[in-house]
Amino acid sequence: MRKNHKKEIGMIHNIPLNALRSFVIAAEHLSFTHAGEAMNVTPGAVSRLVKKLEQYLEIKLFSRTPHGLRLTDAGKKLLQEINPPFQALQNATKRARRQDDNQVRVICPPTFAARWLLPRWSDFYQKFPDVKVQMSTTLTDVDLTQDTDHDIAIQLDDPVDKASVQTDHRQTDISSTHFLNIETLPVCSPKIFSKGAGELASAKMLQESVLIHSVPLGNEWRNWLAAYRATMEDDAVNCALAKINPENGPEFQTLDLCIQAAIEGVGISIAIAAFVSEDLRAGRLIAPFTFTRPSRRSFHIQFRNQSANNPTIKLYRDWLIAQGGTPD
């Protein structure tokens, strides 16, 4: 029994881990040259390590063709089996290196960064000057089970159970904390719309206005008009609102561009109230209608369950929640 145990330990020590790593990277690129660039070694070094692995396993992993490398059936099977553990090892190494640092890496939509987070940036640094925040933006959804470069993702999520502040997604090991409600309203430059003109006059003016749309809030003009009409008891106003084409007008990739277009007088944009509060106070924008529509969607803070007690990540998460006005 003890002899077998020693033999198993010896086999573990003899596994050519560096050769396995070379194989995985070469299989991803199907090129020793590109794999060498990724590993900062020569293509010949990668080729020799892969050959060493083939000799160790006594199987052929690649076929060399005039068009480049191709995985053999044995190579495909090996890659399928060892790639997940290698990825998990790489992610664990990254997390271990970050465990004791004083940094938090945040990714969020660009409009959220520009119009909500940056205006509050100085508040965080005044309170926590020793914490380094690295911020990235993206227009696509973030999956923290795959994205190991960020600690926190701020995303516009689908409806959640508001009775539970935190939703534990056990299958993905990601938690999502609701922290910022969304209300939408039309905004525009004071140069193109008469504020306080009355509901009927404003509705008629809206018929002749350019409606600005954003990709993130694609159907919001239709949703806002429907909700507004549902509260309106004046038949004349309802009739005027019914004549508005909610699909009319240009569409921009980000809500920030829509808001800027409204400031420049291009037309009227639907905006998230929390993103335009300073523009409204400063008079760069006006809200021609007093009605705001509460959205079923809201902003959430997403983070990995295993990093929930990381002091720096928890500090930044708690600060975001406090700024958003949602109790923890």
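For the structure itself, look to the data block above.
**Q** Quick question: what am I supposed to make of the overall build of the chain here?
**A** Broken down by element type, the chain carries 13 helices and 11 strands. Looking at the chain alone, contacts between residues at least 24 apart form 75% of all its contacts between residues at least 6 apart.

**Q** Quick question: what am I supposed to make of the nonpolar core here?
**A** As a rule of thumb, nonpolar side chains are buried together in soluble globular proteins. In terms of nonpolar packing, the biggest core is built from 60 residues, with Phe112, Ile154, Phe179, Phe299, Tyr316 and Leu320 touching the most fellow members. Examining the composition of this core, we find that 6 residues originate from one element, helix 11 (residues 255-263), more than from any other. Setting aside residues up to four positions removed in sequence, isoleucine 154 forms contacts with Val106, Ile107, Cys108, Pro109, Phe112, Phe179, Phe299, His300 and Leu320. In terms of nonpolar packing, the next biggest core, distinct from the first, is built from 21 residues, Leu20, Val24, Phe32 and Leu79 among them.

**Q** What is the right way to look at the layout of surface pockets in this model?
**A** Empty space among the atoms becomes visible once a probe the size of a water molecule is rolled across them. In this structure, the largest pocket encloses a volume near 400 Å³. What lines the largest pocket is a set of 24 residues, and nearest its centre among them are Pro109, Thr138, Leu139, Leu156 and Pro216. Residue assignment for the lining of the largest pocket shows that the elements contributing at least two residues are strand 3 (103-108), helix 6 (110-117), strand 5 (152-157) and strand 11 (293-304). Residue composition of the lining of the largest pocket, by class: 16 nonpolar, 6 polar and 2 charged.

**Q** What exactly am I supposed to notice about empty space enclosed by the protein here?
**A** Tallied over the entire structure, the rule returns 1 cavity of 30 Å³ or more. Approximately 40 Å³ is the volume found for the largest cavity. As for the largest cavity, its lining consists of Ile212, His213, Ser214, Leu217, Glu220, Trp221, Leu255, Cys258, Ser269 and Ile270. Only strand 8 (211-214), helix 9 (220-231), helix 11 and strand 10 (268-272) provide two or more residues apiece to the lining of the largest cavity.

**Q** Would you mind showing me how to read helix 6 here?
**A** Of all 8 residues in helix 6, 6 are buried; the element is thus mostly enclosed. Those residues of helix 6 that sit buried are Thr111, Phe112, Ala113, Arg115, Trp116 and Leu117.

About the cut-offs
- Residues numbered from 1 in each chain as written.
- Predicted model: local features only at pLDDT ≥ 70, side-chain atom pairs only at ≥ 80, totals over all residues.
- Heavy atoms only, no water.
- Helix = DSSP H or I, 4+ residues; strand = E, 2+ residues; numbered from the N terminus.
- Contact = heavy atoms within 4.5 Å.
- Core = buried A, V, L, I, M, F, W, Y, C linked by side-chain atoms within 4.5 Å.
- Buried < 20%, exposed > 50% of the residue type's maximum accessible area, 1.4 Å probe, protein only.
- 1 Å grid on protein atoms, 1.4 Å probe; cavity = no way out; pocket = protein on both sides within 12 Å on 5 of 7 lines; lining within 4 Å.
- Points joined across faces, edges and corners; volume = space filled by probe spheres on them.
- Nonpolar A, V, L, I, M, F, W, Y, C, P; charged D, E, K, R; others polar.

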